[in-house]
Amino acid sequence: AQKITQTQPGMFVQEKEAVTLDCTYDTSDQSYGLFWYKQPSSGEMIFLIYQGSYDEQNATEGRYSLNFQKARKSANLVISASQLGDSAMYFCAMREGPSAGNNRKLIWGLGTSLAVNP
Amino acid sequence: DAGITQSPRHKVTETGTPVTLRCHQTENHRYMYWYRQDPGHGLRLIHYSYGVKDTDKGEVSDGYSVSRSKTEDFLLTLESATSSQTSVYFCAISESSQIGYGYTFGSGTRLTVV
């Protein structure tokens, strides 16, 4: 079965420092997509970054980058120069691959709560 | 304007009453999903739809039903609300089920069953 694991329930980081949020996945498919979403205390779910399994370069979006290590099946989110507004819950998700059939869904991790300290 | 809206945003209801939550989209996306979010459980899929009148169960579908009579609307009904259904409910939409497509979420509905 396809699965996403986020092993860090909570993380702390000092403002202006970088932080890495871990995500490992399990799939037997060769084709899949990986996503990170942010959920601040206000509750909305915000898309951050996407990495395709065939993408040769790590995805970057502003201060967000995805450290994609295919052999290790990991897709860690790196936030550089943390800001107070980065305090939120972060979810890793994977779009199911071809083995899941036609209506492939996102499989979600349980999330990591990040607190940025001033 | 938001491409996806949920209503109501907040609701308190009594045990045993039916409750319907509405998700409305203006994006003409094929796929729509209902999730519930509870502390320690992340997002759990209740039901999803892959087209008008085409729906399927998710991992926590007991006690819930859905309907999609139009592309833009996906309704979630709690047939007889119980306290265990107190949760935050999110609707999400997706243009495609291919690997590069993520979800866009509504703002959520906070439901309290007393």
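Described below are features of the structure shown in this document. (Residues numbered from 1 in each chain as written. Chains lettered and ligands numbered in written order. Predicted model: local features only at pLDDT ≥ 70, side-chain atom pairs only at ≥ 80, totals over all residues. Heavy atoms only, no water.)

Focus: the pairing of strand β11 (residues 109–113) of chain B
Residue and element names in this part refer to chain B.
- Side-chain alternation along β11 places Thr109, Leu111 and Val113 on a buried face and Arg110 and Thr112 on a face that remains uncovered.
- Summarising the sheet, strand β2 (residues 10–13) and β11 pair through four bridges and their orientation is parallel. Of the residues in β11, the one forming a bridge with threonine 13 is valine 113.
- Two elements, strand β9 (residues 87–94) and β11, share three bridges in a ladder whose sense is antiparallel. (Buried < 20%, exposed > 50% of the residue type's maximum accessible area, 1.4 Å probe, protein only. Helix = DSSP H or I, 4+ residues; strand = E, 2+ residues; numbered from the N terminus. Pairing = 2+ DSSP bridges.)

Focus: the sheet that holds strand β1 (residues 4–7) of chain B
Residues and elements named next belong to chain B.
- Strands sit in the order β1-β3-β8-β7 across an open sheet of four strands; the sheet is antiparallel. The open sheet has two edge strands with one neighbour each: β1 and β7 (64–70). The sheet shows a mean angle of 20° between the axes of neighbouring strands, taken without regard to direction. (Axes fitted to C-alpha atoms, helices over the stretch in contact; angles between N-to-C directions.)

Comments concerning the state of the cysteines
All names here are of chain A.
- Across all of its chains, the model carries two disulfides over all chains by this definition.
- A sulfur-sulfur separation of 2.0 Å characterises the disulfide bridge that pairs cysteine 23 with cysteine 92. When the S-S torsion is -65°, as for the bridge of cysteine 23 with cysteine 92, the disulfide is left-handed. Here the residue cysteine 23 occupies a position in the loop between β3 (19–21) and β4 (24–26), and cysteine 92 occupies one in strand β10 (residues 88–95), the gap between them amounting to 69 residues. (Disulfide = S-S within 2.5 Å.)

Considering the packing of aromatic side chains
Residue and element names in this part refer to chain A.
- Summed over all chains, the structure comprises 21 aromatic pairs over all chains.
- Where phenylalanine 35 meets tyrosine 50, the ring centres are 4.8 Å apart and the plane angle is 50°; that geometry is what we call tilted. Of this pair, phenylalanine 35 sits in strand β5 (residues 33–39) while tyrosine 50 sits in strand β6 (residues 46–52), and the two are 15 residues apart along the sequence.
- What makes tyrosine 50 partly exposed here is its relative accessible area of 23%. (Phe/Tyr/Trp six-rings, centres within 6.5 Å; stacked < 30°, edge-to-face > 60°.)

Regarding the pattern of salt bridges
- In the structure shown here, the tally under the stated rule is seven salt bridges over all chains.
- Glu96(A) is paired through a salt bridge with Lys105(A); the nearest N and O atoms lie 3.8 Å apart. Each member of the pair, Glu96(A) together with Lys105(A), is buried.
- It is possible to trace a salt-bridge network through shared partners that takes in Arg22(B), Lys70(B) and Asp73(B). (Salt bridge = Lys/Arg side-chain N within 4 Å of Asp/Glu carboxyl O.)

Brief notes about the side chain of Glu96(A)
- Structurally, Glu96(A) is set in the loop between β10 and β11 (106–108).
- For Glu96(A), a relative accessible area of 11% puts it in the buried group.
- If we ignore the near neighbours within four places in the chain, the residues touching Glu96(A) are Gln2(A), Asn103(A), Arg104(A), Lys105(A), Ile107(A) and Ile99(B). (Contact = heavy atoms within 4.5 Å.)

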